[in-house]
Amino acid sequence: MQFMLLFSRQGKLRLQKWYVPLSDKEKKKITRELVQTVLARKPKMCSFLEWRDLKIVYKRYASLYFCCAIEDQDNELITLEIIHRYVELLDKYFGSVCELDIIFNFEKAYFILDEFLLGGEVQETSKKNVLKAIEQADLLQEGETTLLPAPPPPHQSTATRGRLTAPRSCSLTGVLPQPLRQCLALTWNVFTLETTASQKRHPL
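First, a word on scope: everything that follows refers to the structure included in this document.

Cut-offs applied
- Residues numbered from 1 in each chain as written.
- Predicted model: local features only at pLDDT ≥ 70, side-chain atom pairs only at ≥ 80, totals over all residues.
- Heavy atoms only, no water.
- Pairing = 2+ DSSP bridges.
- Helix = DSSP H or I, 4+ residues; strand = E, 2+ residues; numbered from the N terminus.
- Axes fitted to C-alpha atoms, helices over the stretch in contact; angles between N-to-C directions.
- Contact = heavy atoms within 4.5 Å.
- Buried < 20%, exposed > 50% of the residue type's maximum accessible area, 1.4 Å probe, protein only.
- Salt bridge = Lys/Arg side-chain N within 4 Å of Asp/Glu carboxyl O.
- Arc of directions from axis to C-beta.

Describing the sheet that holds strand S3 (residues 48-51)
So, step 1. Spatially, the five strands line up as an open sheet ordered S2-S1-S5-S4-S3, and their pairing is antiparallel. Each of the sheet's edge strands pairs with one partner strand only, and the pair in question is strand S2 (13-18) and S3. Across the sheet, the mean angle from the axis of one strand to that of its neighbour is 20 degrees, orientation sign disregarded.
So, step 2. Pairing geometry for strand S1 (residues 3-8) and S2, over five bridges, is antiparallel. Each bridged residue has a counterpart across the sheet, and for Phe 7 the counterpart in S2 is Leu 13.
So, step 3. Strands in contact with helix H1 (residues 24-39) are S1, S2, S3, strand S4 (54-61) and strand S5 (64-70); relative to S1, the strand with the most contacts, it is inclined by about 55 degrees.
So, step 4. Relative to S4, helix H2 (residues 76-94) is tilted by about 35 degrees, and along the sheet it contacts S1, S2, S3, S4 and S5.

Here's what the structure looks like:
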């Protein structure tokens, strides 16, 4: 495989992985040409097409197109199966994956692809092993980004009336992607600690 592109029906590039050395200018040119070519094709047309000296294999899932470029001697059906297997991995990890999952968690999409493909060739055929490696990486990342301890809950007293605290109804769990939840929680904890220290230096 030479490269893989993920783009939307509007032609917005969501993910790109290149397995051959090309300049940025050439990459942009190839991306622009392929996006226009694939989007111009009708739904009932074949998913294989010849382009330059390569063969293009693409497949549409919901609002996303998965497009791969392979050499002339490579098998198109195997490439189509590789695309489907990658979609299954994304779906298994995110749970009914959609375009927004890839937009907000693009680093996870790249990591899953790197665990699945190496140098444009399949390195792991087992979905279980790929997902296990991703879970281990998530645990390692969570351990490295340990959040600061949260301040004690505020008491109903005159000493704490002016203290800034998070609203009780504010919950990040299950609403935002995990990396964004960690970043927001860390920012809030630092802000709360700085506010508390400032109030101690300048009491009301």
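Re unusual backbone geometry
So, step 1. Despite not being glycine, Ala 62 has its phi angle at roughly 55 degrees, a positive value.
So, step 2. Mapped onto the secondary structure, Ala 62 falls in the loop between S4 and S5.
So, step 3. Of note, Ser 96 is a non-glycine position whose phi angle comes to about 55 degrees, a positive value.
So, step 4. Position of Ser 96 among the secondary structure elements: in the loop between H2 and helix H3 (99-104).
So, step 5. Under the relative-accessibility criterion, Ser 96 is labelled exposed at 58%.

Here we look at the pattern of salt bridges
So, step 1. In this structure the tally under the stated criterion is eight salt bridges.
So, step 2. With its nearest N and O atoms 3.1 Å apart, the salt bridge here joins Asp 114 to Lys 17. Of this pair, Asp 114 sits in helix H4 (residues 106-116) while Lys 17 is found in strand S2, placing the two residues 97 residues apart along the sequence.
So, step 3. Ionic pairing is found between Glu 88 and Arg 85, a salt bridge with its closest N-O pair at 3.3 Å. With Glu 88 and Arg 85 both in helix H2, this residue pair falls three residues apart, about one helical turn.
So, step 4. Given a relative accessible area of 21%, Arg 85 falls into the partly exposed group.
So, step 5. Residues participating in the shared-partner salt-bridge network are Glu 26, Glu 33 and Arg 52.

Observations concerning the environment of Ile 78
So, step 1. Residue position: Ile 78 is located in helix H2.
So, step 2. The sequence separation of Ile 78 and Val 57 amounts to 21 residues, and the corresponding C-alpha distance is 9.9 Å.

Here's the deal with H4
So, step 1. Lys 108, Ala 109, Ile 112, Leu 113 and Phe 116 are the residues of H4 that are buried. Looking down the long axis of H4, one finds its buried residues gathered within 135 degrees of arc, a one-sided arrangement.

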